[in-house]
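Chain by chain, the residues:
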Amino acid sequence: ERQRERIEELGRSVRAQNDELAAVREALEAQVRRERDEAAKAAREAGGGVMTDDAIADSGDRMYESNLVKGMGNEAYAKANRATGQARARKLREAAELYGRAHGVDPDNVAVLTNRAAVHMALGRFGDAANDCRLAVETADRVKADAKLKARAYERMGKAELQLKRPEEALRAFEGARASGGEGLEGLE
């Protein structure tokens, strides 16, 4: 009995350390991305707004890599939906981390934000879900993303706001979904 408790305690400690390492890794990746994006912006500005071949290739590489990691997040989310208890929670946290990594690789990928919002909802992290949705809407506006993605972000934001007992914000979000052309959107991209 005592040995089992010790093993469980060690497992919790290892998971906590892994979570801390993931947060540090994510922060470092975000810093590298910001520096890379600033360099690309400087190159565009120096070139009169024309992107270099390297910048275009880098953008395509980021999108490809982000979508690969998003696919891994989708797999983890699907497995979570087939699991129960701690296994479900573990897979949901894994999916959230993968979507975060995918967003870190390509901050213009709106789908990973809406997918991570769905995971936050499943974990009961409604504030995080609403924040991801707000960022998704802002990003969708900035990159001129598909209207369906923007509508999905608004829809999930509305659901999160309802859970947070903020009906006025929820109503605005649902109106945003309707204005964006969304109908029956629930699901992962």
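Because the structure is a prediction, the values reported are computed rather than measured.

*Asks:* Explanation requested: the environment of Glu155 in the structure shown.
*Replies:* Tracing the chain through its elements places Glu155 in helix H6 (residues 147–163). Residue classification places Glu155 among the buried positions, given a relative accessible area of 13%. In the structure, Glu155 is positioned 19 residues away from Phe174 in sequence and 5.5 Å away in space, judged by C-alpha atoms.

*Asks:* Explain helix H7 (residues 167–179) here, please?
*Replies:* One turn of an α-helix holds 3.6 residues; hence residues three or four places apart share an orientation. A rise of 1.5 Å per residue sets the reference length of H7, with its 13 residues, at 18 Å; its end C-alpha atoms lie 18 Å apart and thus fit the reference within 8%. Buried within H7 we find Ala170, Ala173, Gly176 and Ala177. Buried residues of H7, seen end-on, are gathered within an arc of 120 degrees and therefore sit on one face of the element. Exposed residues lying more than 90 degrees from the buried face of H7 are Glu168, Leu171, Arg172, Arg178 and Ala179. Where H7 is buried, its residues contact H6. Just past H7, the residue Gly181 takes up positive phi, approximately 95 degrees.

*Asks:* So what exactly am I meant to see when it comes to unusual backbone geometry here?
*Replies:* Negative phi values dominate among residues other than glycine, just as trans dominates among peptide bonds. The residue Lys144 is not glycine, and still its phi comes out positive at about 60 degrees. With respect to the secondary-structure elements, Lys144 resides in the loop between helix H5 (126–143) and H6. A positive phi is found at Lys165, a non-glycine position, where the angle reads about 60 degrees. Lys165 gets classed as exposed once you look at its relative accessible area, which sits at 70%.

*Asks:* Explanation requested: the pattern of salt bridges in the structure shown.
*Replies:* Pairs can form between side chains of opposite charge whenever their charged atoms are close. All chains considered together, the criterion is met by nine salt bridges. Close ionic contact of Glu8 with Arg4 constitutes a salt bridge, the shortest N to O distance being 2.9 Å. Placement of both Glu8 and Arg4 in helix H1 (residues 2–46) is noted, with a separation of four residues, approximately one turn of the helix. In this structure, the salt-bridge partner of Asp141 is Lys150, at a minimum N-O distance of 2.4 Å. Among the charged side chains, a network of salt bridges with common partners joins Glu1, Arg4 and Glu8.

What counts as what
- Residues numbered from 1 in each chain as written.
- Predicted model: local features only at pLDDT ≥ 70, side-chain atom pairs only at ≥ 80, totals over all residues.
- Heavy atoms only, no water.
- Helix = DSSP H or I, 4+ residues; strand = E, 2+ residues; numbered from the N terminus.
- Buried < 20%, exposed > 50% of the residue type's maximum accessible area, 1.4 Å probe, protein only.
- Expected span 1.5 Å × (residues − 1).
- Arc of directions from axis to C-beta.
- Contact = heavy atoms within 4.5 Å.
- Salt bridge = Lys/Arg side-chain N within 4 Å of Asp/Glu carboxyl O.

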